[in-house]
Amino acid sequence: MTRVLVVDDEELIRVGLRAIIAAQPDLDVVGEASDGAEVTPLVAKLRPDVVLMDVRMPDIDGIQATRHLLATSASPPKVLVVTTFENDEYVYDALRAGASGFLLKRARPAEVVDAIRVVARGESLLFPAAIRRLAGAYGARRRLPGPALTEREAEVLRLVAAGHSNAEIAADLVLGVETVKTHVGNVLAKLGARDRTQAVVLAYESGFVTPG
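Residues numbered from 1 in each chain as written. Predicted model: local features only at pLDDT ≥ 70, side-chain atom pairs only at ≥ 80, totals over all residues. Heavy atoms only, no water.

Colleague: With reference to specific residues and values, describe the sheet that holds strand S3 (residues 50-54).
Modeller: Read across the sheet, 5 strands follow the order S2-S1-S3-S4-S5 without closing on themselves; strand pairing throughout is parallel. Each edge of the open sheet is held by one strand with a lone partner, namely strand S2 (27-33) and strand S5 (101-104). Recorded for the sheet is a direction-independent mean angle of 25° between the axes of neighbouring strands. Of the strand pairs in this sheet, S3 and strand S4 (residues 78-83) are connected by 5 bridges, and their pairing is parallel. What sits directly across from Val50, in S4, is Lys78. (Pairing = 2+ DSSP bridges. Helix = DSSP H or I, 4+ residues; strand = E, 2+ residues; numbered from the N terminus. Axes fitted to C-alpha atoms, helices over the stretch in contact; angles between N-to-C directions.)

Colleague: Talk me through the pairing of S2; I want residue IDs and the actual numbers.
Modeller: Walk down a regular strand and you will see the side chains alternate between the two sheet faces. Across the 7 residues that make up S2, a large majority, 5, are buried. Pairing geometry for strand S1 (residues 2-7) and S2, over 6 bridges, is parallel. Residue pairing in the sheet places Val7 in a bridge with Ala33 of S2. The β-α-β motif built from S1, the intervening helix H1 (residues 11-22) and the parallel element S2 has right-handed crossover chirality. (Buried < 20%, exposed > 50% of the residue type's maximum accessible area, 1.4 Å probe, protein only. Right-handed = clockwise from strand over helix to strand, strands pointing away.)

Colleague: Before we move on, can you summarise empty space enclosed by the protein with the specific residues and values?
Modeller: By the definition in use, this model includes 1 cavity of 30 Å³ or more. Computed from the structure, the largest cavity encloses a volume of approximately 40 Å³. Lining the largest cavity are Val156, Leu157, Val160, Val184, Val187, Leu188, Arg196 and Ala199. Those elements that place two or more of their residues in the lining of the largest cavity are helix H7 (151-161), helix H9 (177-191) and helix H10 (196-205). Split by residue class, the lining of the largest cavity holds 7 nonpolar, no polar and 1 charged. (1 Å grid on protein atoms, 1.4 Å probe; cavity = no way out; pocket = protein on both sides within 12 Å on 5 of 7 lines; lining within 4 Å. Points joined across faces, edges and corners; volume = space filled by probe spheres on them. Nonpolar A, V, L, I, M, F, W, Y, C, P; charged D, E, K, R; others polar.)

The structure is reproduced here in structure tokens:
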């Protein structure tokens, strides 16, 4: 069972998301919040696996709340930013702050639950094409951090950035899935990235992978 915390300043949005999520046998809404200031204490109390975080809220927005949550929680949940516009600098800032993906408010119910499952599993990238567009529009150039990647790790990072799942990478490189998981883990550790989304953001911003 994947535990979900819904954060949005609009009650109608919270009610709608709760109804969509509660209809799924493997998902459970454990709580709601109307502002980013409530997120960290609620996460400590409720222990969700995924936080659906509105990116724009009047007091503490989703970017600040995400950054604070990831900086102060010993074992933080995955953050899935909820936004009105996909090509929005706020969305890219949220990804840079540590969000694992984003979801459009106009998404269909099936897309909502699929996004939660993808982010919770952490074995593939959510909306890789959209992340490429955002990186092209807003990405800053900086050096790829950490120790140098091996040739195999570099191959794996490029395939992760292309949106391939662990199983797809295994097929592409003729490796076992567990071996791919090990390579992905090594890449994350070397880059200091908490998940594959953060690794991909770093890959684009450093020019290691180009948005085109």
